[in-house]
Structures are given as structure tokens and as C-alpha cells.
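Chains, contacts and geometry: an overview
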Amino acid sequence: MTALLAPILAERSDDVAVIDGDRATTWLELDRRVEALVHALRARGLGSGDVVVSMLGNQTEAVEVALACMQAGWILVPVNWHWVTDEVAYVLADADAAAVIVDARWAEVMATALATSAHPCRARLAVNHDDTTSEWFEDYEGAVATVTPGPIETAEKGGPMFYTSGTTGRPKGVRSALGSVGGPPELFTLMAHSMRPTLGLPDGGGVQAICGPMYHSAQWVFALFSLLAGATLVLQHRFDADELLTLIDAHEVTNLHLVPAQMKRMLDLPEDRRAAFDGASLRAVLHGAAPCPPEIKRRLIEWFGPVVTEYYGGTEGGFISVITTPEWLQRPGSVGRPLPVIEVLIIDEDGNPAGPDRPGDIYFRNLMGSDFEYHNAPDKTASSHRTDGFGTLGDIGYLDADGYLFLSDRRIDMIVSGGVNIYPAEIEGVLAVHPAVADVAVFGIPDDEMGEQVKAALVLHEGVEWDATLEAGLVAHCREKLAGYKCPRSFDLHTSLPRLESGKLA
């Protein structure tokens, strides 16, 4: 038995652990497959501290790979499956990947990225392997099936490193205590059970639905930590509001994580469909990752009841603050009080601590001593910290007299669309090299469904005329270089952009 699943196997080995769109996997089956995967990758040369890049959907194999890395001392880098070749190739090289595991749906992108980057990998496995991927990848199922499960010798803690975009345009890996290598894997079990109150898991484990992509840190944490606390996982690969309601009732889901865009799509379902939804099993519906319009949240509370909890946090800091339904109804707009292990500091423009209700930069510090850094980016790490160890996500807000945190604005020019962080500099860099573009600025504009959408302000070179053909060409140019969700949804034309002598926009 693996170290992480042993406590659950002792009582529930034949119960279902994971349900995805294809099958249901018991705790015993999951345990044996994780053991076999660790042995298979070790046989291919992987050792302590090596990096495993995965490009997987919300599927059982994503859980298996995560559990293997968590117990074999490997660093897991989950890759966004919307990314194009250039983006994937960058991460392969920057993370120094020793192995890649990809679903066949994205095997062509991964194979091209491997060829483009010429990055050597000791193991390359494809899930749902077929003849079209055989040249580059071994069959994942074959690798697992040909190894005899058995105890994982010299088990040690590994963990994830998530790549999050930066203002310089290229994503950076976030290194934190979650992904540190060394020590007993059971540390994850302790973390999971310590987070039970925040996760809102009922006694006996419950059933956690994951309807957002597990390459995001929040979805990964909700999936893996709920599992290690004994919850059954129900995985939905692509969010579909109608199907999600069916899954909740069919599997008696107790716990759910949403982003505001998903909340709105559920509320936009026809009235008769919403009326047919039972939802009596729900115990906790947590949401975060993007600001939620108060009216959307009120409507969800009216529908689901007082089970809606909001959190503030990020890949770098984990959960920073939490607010329950009763608290939020008393303080609409707040993201709650800091967790007991988190200290929050508001710093005004003069660099001094701000008093109650006075906005400033939000800094936080984990009282347990854990911190974060950006992989291969010491300058970015330093700029995100104060000398006293407090770090920031780049947000602006204030604390009220009772210690409740409110968000006011974002210091960095981040666009949050559907709960996904998008940084303008990366998009500007792609548009700037198009032969028709003289200058460009990218920013977010309000979107009723997604929160924000990407807009590009353009200055064209002299003699270039704007028409449908040029617009289509710019869109195609972006889609070749960027994942689809990063591409501008609209363009504005200007004769010039208001820039300072430094080159920055005024």
C-alpha cells in the first residue's frame, strides 16, 4: 500500500475513489496503479527531485500521476492543455523536464514541443496511446500494466510546481512548501486533514466534484487534498452547467468548487432545469480565483442555501482568507478574515502600515514559516517580497476595523477571465511582431459572463488599412502563438497611444 492511501485502504479498499467520464476506480485499484507508475518511471531513470510535466485532462490518470509524484520525490508540473507548441516547449526547458505524460488529445502538441526544444526526457508516456503517437511516446497503460505493484521503497515527499504568468510575458514556476522535495509523504495527509474545515468536507469523506481544469493550483488542491481526506472525486473534464447538476444529484456530491463564470452559467440555465435540481447533498460550495459580482453570489445563495463560501488566495500563498455565507451577507464584498496561520499587512503608498479602511498593497506571511519563490526568477521573487518576509500577489485592498479583508484593485495589469489569469505583456509581445502593428496595448474590459475579456488597442503602420482580412490575420497570428483564451476578443484602432518618455503607458 502507498503511504498516502494506506489509512483509507484499511477501511474502504473496495469503495470508489475516483469517477471520471470513462470509469470508476476503487481505492485499491488506484493504490496499485500509483505503485506501478512509480516503479515504471523509476525503471526509466527518474530519481529524487526530477520534474514530471503532465498534459492531462480531468481524468483518473491525472490523479495517479499526482499521487506518484507526491510519494516518489518528483516535482509535478501540470501544463495547461490549451497551450500551443511554443508555450509548452518553453516550460519543458525552463522546468528541465525528466519525463512527460500526455493524453493522446494533446500528444501532437507535446511531440512538436519536444522536437522544437530538443529537450531530452528519460520517459515519455501517452494516455489513450494509438499509432499516431507511437513514434514519440510509450503507452501509459502498457507501462503501468507490465509492472508488478508493490511497496514504494525510499518514499519521499514531492509535489507540484504550477506555472503562472508574469508581467514580463513568460509564465514562471511557483515553488512553495507544497512542492518541496524531501521528508515523509504523509505530510500531505496532515495538510489535507488540517484543511478539512476550510474545504468543508463532512465526516466520512464526502464527494468532491471537480469541474475546472486540474492544471490550476486551486482545482489541484481541492482534488488531491479532498481525496487524501477520504473524499470520492467526481471529475468533469469540461465544465457544462447542465451536466454538472446531473452529476451532483447522481453521485450525491457534497463539495463543489466554482469560479464566478461557472456560477453565472449555472444561474443562466432555464428555470425549469434549475427547479428540477435537488442538490440536497451539497454541504459546501467554495468559490474564488476571480472577483464575483455580488448579485451573482446572492442569487447562488438563494438557490443553494447558506453553503457558499468564498476564499482569497493564489498559487503563491494558498488560502489567505475565507468568508462564509452569513459573514458575507453582513459584509458584502469582503473576502473574509485571514486564516489563523496567515498574517495580512496593508502597506500604503508611503510604505507604512495602513489603518482600518485605508487601502494599500496587500502583503501576507504564513506563520508556519512556508513561503514561495519563482523558479529561475530571483528578481521576480525579490520584487514580490518585503525584507520582513511578507509576500504579495500584487493586489490592493483594505482591512476593516474587525479584520475583514476587502479587495479594491490590482497593482499588476492582470486580466481575470473565467477565473483564469491572463497577463497583457505576453499578448502584446505577440501582436507587436505582426508586420501591420506599430504599437499595441492589451487590457481587460468587463464581461458579464467571464468577468473580463481581452481587448487590444492598436496603432497600425502608416499605409496599412483596417479591414476584415487584416482582423482575421491578426486573430490567426495570435492563435498560432497563444492559447485561445489569451487571444483578444476585440480590437480598437488609434492614431497613437499615450506613452511616457520611459515607454510606459500614461
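Our subject is the structure that appears above.
Now for a quick tour of the structure. Per chain, residues are indexed from 1 in the order of the written sequence. Only residues with pLDDT of at least 70 are given local features in this predicted model, and only at 80 or more are side-chain atom pairs given and counted; all residues enter the totals for whole chains, interfaces and linings. Water and hydrogen atoms play no part in the side-chain values, which are based on all heavy atoms of the structure.

Within 6.5 Å between ring centres, the rings of Phe, Tyr and Trp (the latter by its six-membered ring) count as paired, and their orientation is classed by plane angle as stacked under 30 degrees, edge-to-face over 60, tilted in between. For the coordinates displayed, the defined rule picks out 14 aromatic pairs. When the centroid spacing of 5.9 Å and the interplanar angle of 75 degrees are considered together, the rings of Phe 162 and Trp 220 count as edge-to-face. Of this pair, Phe 162 sits in strand S9 (residues 162–164) while Trp 220 sits in helix H9 (residues 217–228), and the two are 58 residues apart along the sequence. Trp 220 shares its class with Phe 162; the two are buried. A network of ring pairs unites the aromatic residues Trp 81, Trp 106 and Tyr 215 as a single cluster. By definition here, charges over rings are those cases where NZ of Lys or CZ of Arg is within 6 Å of the ring centre and within 35 degrees of the ring normal. When the ring centre of Trp 303 is taken as reference, the NZ or CZ atom of Arg 274 above it lies at 5.8 Å. Helix and strand assignments follow DSSP, with helices taken as H or I runs no shorter than four residues and strands as E runs no shorter than two, numbered in order from the N terminus. The cut-offs for exposure are 20% and 50% of the maximum accessible area for each residue type, with area from a 1.4 Å probe on protein chains only; residues under the lower value are buried, those over the upper are exposed, and the others partly exposed.

Side-chain atoms within 4.5 Å are what join buried Ala, Val, Leu, Ile, Met, Phe, Trp, Tyr and Cys residues into a set we call a nonpolar core. Leu 67, Trp 220, Leu 224, Phe 225 and Leu 227 are the most contacted members of the largest nonpolar core, which has 81 residues in total. Per-element tally for this core: the top contributor is helix H3 (residues 60–72), with 9 residues. Residues within four places of Leu 224 in sequence aside, it is in contact with Ala 66, Leu 67, Met 70 and Met 214. In this structure, Ala 107, Leu 458, Cys 487 and Phe 491 belong to the second largest nonpolar core, which totals 51 residues. In what follows, a contact means two residues having at least one pair of non-hydrogen atoms within 4.5 Å.

Another point: the sheet that holds strand S25 (residues 437–447). Ordered in space as S25-S26-S27, the 3 strands form an open sheet in which the pairing is mixed. Of all strands in the sheet, those bounded by a partner on one side alone are S25 and strand S27 (490–493). Between one strand axis and the next, the sheet turns through 30 degrees on average, direction left out of account. In this structure, S25 lies alongside strand S26 (residues 451–460), joined through 10 bridges in antiparallel fashion. Across the sheet, residue Asp 447 finds its bridge partner in S26, namely Gly 451. Only the stretch in contact is used when fitting a helix axis, every axis being a line fitted to C-alpha atoms; angles between N-to-C directions are given from 0 to 180 degrees. On the sheet, helix H16 (residues 424–432) packs against S25, S26 and S27 and is oriented at approximately 145 degrees with respect to S25. Sheet contacts for helix H17 (residues 468–481): S25, S26 and S27; angle to S27, the most-contacted strand, approximately 125 degrees. A pair of strands is treated as paired once DSSP finds two or more bridges between them.

A few words on the pairing of strand S16 (residues 318–323). Of all the 6 residues making up S16, 5 are buried; the element is thus mostly covered by neighbouring parts of the structure. Pairing analysis gives 5 bridges linking strand S15 (residues 308–314) to S16, with the strands arranged antiparallel. The partner of Glu 310 across the bridge, within S16, is Ile 323. What sits between the antiparallel neighbours S15 and S16 is a turn of 3 residues. Both S16 and strand S17 (residues 334–338) contribute to a ladder of 2 bridges, which runs antiparallel. Looking across to S17, one finds that Ser 321 is bridged to Pro 338.

Moving on, we get to helix H13 (residues 294–304). An α-helical turn contains 3.6 residues, so any two residues separated by three or four positions project in the same direction. For H13, the full list of buried residues reads Ile 296, Lys 297, Leu 300, Ile 301 and Phe 304. End-on, the buried residues of H13 take up no more than an arc of 135 degrees, which puts them together on one face. Of the exposed residues in H13, the ones pointing more than 90 degrees away from its buried face are Glu 295 and Glu 302. Where H13 is buried, its residues touch strand S13 (255–258), helix H11 (260–267), strand S14 (284–287), S15, S16 and helix H14 (325–330). Trailing H13 by a residue or two, Gly 305 shows a phi angle of about 95 degrees, which is positive. Throughout, the arc means that of the directions going from the helix axis to the C-beta atoms.

Right, let's talk about the pattern of salt bridges for a bit. We define a salt bridge as a side-chain nitrogen of Lys or Arg found within 4 Å of a carboxyl oxygen belonging to Asp or Glu. Evaluation of the coordinates by the stated rule reveals 19 salt bridges. Residue Asp 86 is joined to Arg 170 by a salt bridge in which the shortest nitrogen-to-oxygen separation is 3.1 Å. Of the two residues, Asp 86 sits in helix H4 (residues 85–95) while Arg 170 sits in the loop between S9 and strand S10 (172–176), which places them 84 residues apart along the sequence. Of the residues examined, Asp 86 reaches a relative accessible area of 39% and is grouped as partly exposed. Arg 170 gets classed as partly exposed once you look at its relative accessible area, which sits at 30%. Here Asp 388 and Arg 386 are joined by a salt bridge, their closest N and O atoms 3.1 Å apart.

A few words on the pairing of strand S12 (residues 232–235). With burial as the criterion, each face of S12 is covered, one bearing Thr 232 and Val 234 and the other bearing Leu 233 and Leu 235. Two elements, strand S11 (residues 207–210) and S12, share 4 bridges in a ladder whose sense is parallel. Note that in S12 the partner of Ala 209 across the bridge is Val 234.

A few words on a nonpolar patch on the surface. Residues enter patches when their relative accessible area tops 30% and they take part in no salt bridge; the joining distance is 9 Å for like charges and 5 Å for the nonpolar side chains Val, Leu, Ile, Met, Phe, Trp and Tyr. Each accessible area is a Shrake-Rupley result for a 1.4 Å probe, and residues are judged covered by the shown protein chains and nothing else. A surface patch of nonpolar side chains, amounting to about 310 Å² of accessible area, comprises Val 341, Leu 367 and Met 368. Looking at where Leu 367 falls in the secondary structure, it is placed in the loop between strand S19 (360–366) and strand S20 (372–374).

Moving on, we get to H9. Given a rise of 1.5 Å per residue, 12 residues ought to cover 16 Å, and the 16 Å separating the end C-alpha atoms of H9 matches this to within 8%. Extensive coverage of H9 is indicated by the burial of 11 of its 12 residues. Every buried residue of H9 is accounted for by Ser 217, Gln 219, Trp 220, Val 221, Phe 222, Ala 223, Leu 224, Phe 225, Ser 226, Leu 227 and Leu 228. The span expected for a helix works out to 1.5 Å for each residue beyond the first.

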